[in-house]
Amino acid sequence: MRIITGKLKGRNIPVPNTDLLRPTSDRTKEGLFSVIAARTYLDNTRVLDLFAGSGNLGFEAISRGAENVLFVDREVDHLKQIEKTAQIFGVENQISTISLDIEIFLEKKEFGSFDFIFADPPYDYFWMIEMVDQIMESNLLKEDGWFVLEHDKRHDFSKHPLCRFSKPYGRTVVAIFRYTDEGFK
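As the structure is a computational prediction, the values presented were derived from the model and not from experiment. (Residues numbered from 1 in each chain as written. Predicted model: local features only at pLDDT ≥ 70, side-chain atom pairs only at ≥ 80, totals over all residues. Heavy atoms only, no water.)

**Q** Describe in detail the pairing of strand S1 (residues 46-50), supporting the description with residues and values.
**A** Most of S1 sits inside the fold, with four of its five residues counted as buried. Where S1 and strand S2 (residues 68-73) come together, five bridges link them in parallel fashion. Note that in S2 the partner of Asp49 across the bridge is Phe71. Where S1 and strand S4 (residues 114-119) come together, four bridges link them in parallel fashion. (Buried < 20%, exposed > 50% of the residue type's maximum accessible area, 1.4 Å probe, protein only. Helix = DSSP H or I, 4+ residues; strand = E, 2+ residues; numbered from the N terminus. Pairing = 2+ DSSP bridges.)

Take a look at the structure:
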């Protein structure tokens, strides 16, 4: 995996040595960031990367101008690798990490709100539908924010009232949720 564009362009993102990852492919990542870039900017934004894994999406956001990223993953080894990668990239002051199950993290109200929330859960994640509703009904996402979810074709969020975009990239589907339809009319 590599950073596609921005200040960290071309840098490789090491993948933690666990069997618990399904990193976002470069093709999918390029597609979803192209959709974002065509409609808005990541400059000076606050980003939440749920199911962070290798940190692939969060590091791409930093490369494209995000001010800071909060990486959340229940696997401590994943977060240690993200912290190490941030040091190698020289962006350690732009990240923070939290080791928690996502369901518990979403119940807490102490983290403020974010301009972008990325979630790349396992395809068989038991709480997929509830997670979408929890995020969109909470104050985690700013009023003009973007919630970007990667899921497989077993789920279809295209009819969700706040889904503004849904497109397959191979087996992975990218769905974007917003409170407003600005940029997606």
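Continuing now.
**Q** Please provide a residue-by-residue account of the pattern of salt bridges, values included.
**A** Tallying each qualifying case throughout the model produces seven salt bridges. Put simply, Glu60 and Lys29 hold a salt bridge, and the shortest N to O gap is 3.3 Å. Taken together, the residues span a long stretch of sequence, with Glu60 in helix H2 (residues 56-63) and Lys29 in helix H1 (residues 26-37) at a distance of 31 residues. By relative accessible area, Lys29 is classed as buried at 0%. Across the pair Arg171 and Asp152 runs a salt bridge, and its minimum N-O distance is 3.9 Å. One end of the pair, Arg171, is in the loop between strand S6 (163-169) and strand S7 (172-177); the other, Asp152, is in strand S5 (residues 141-152), with 19 residues separating them in the sequence. (Salt bridge = Lys/Arg side-chain N within 4 Å of Asp/Glu carboxyl O.)

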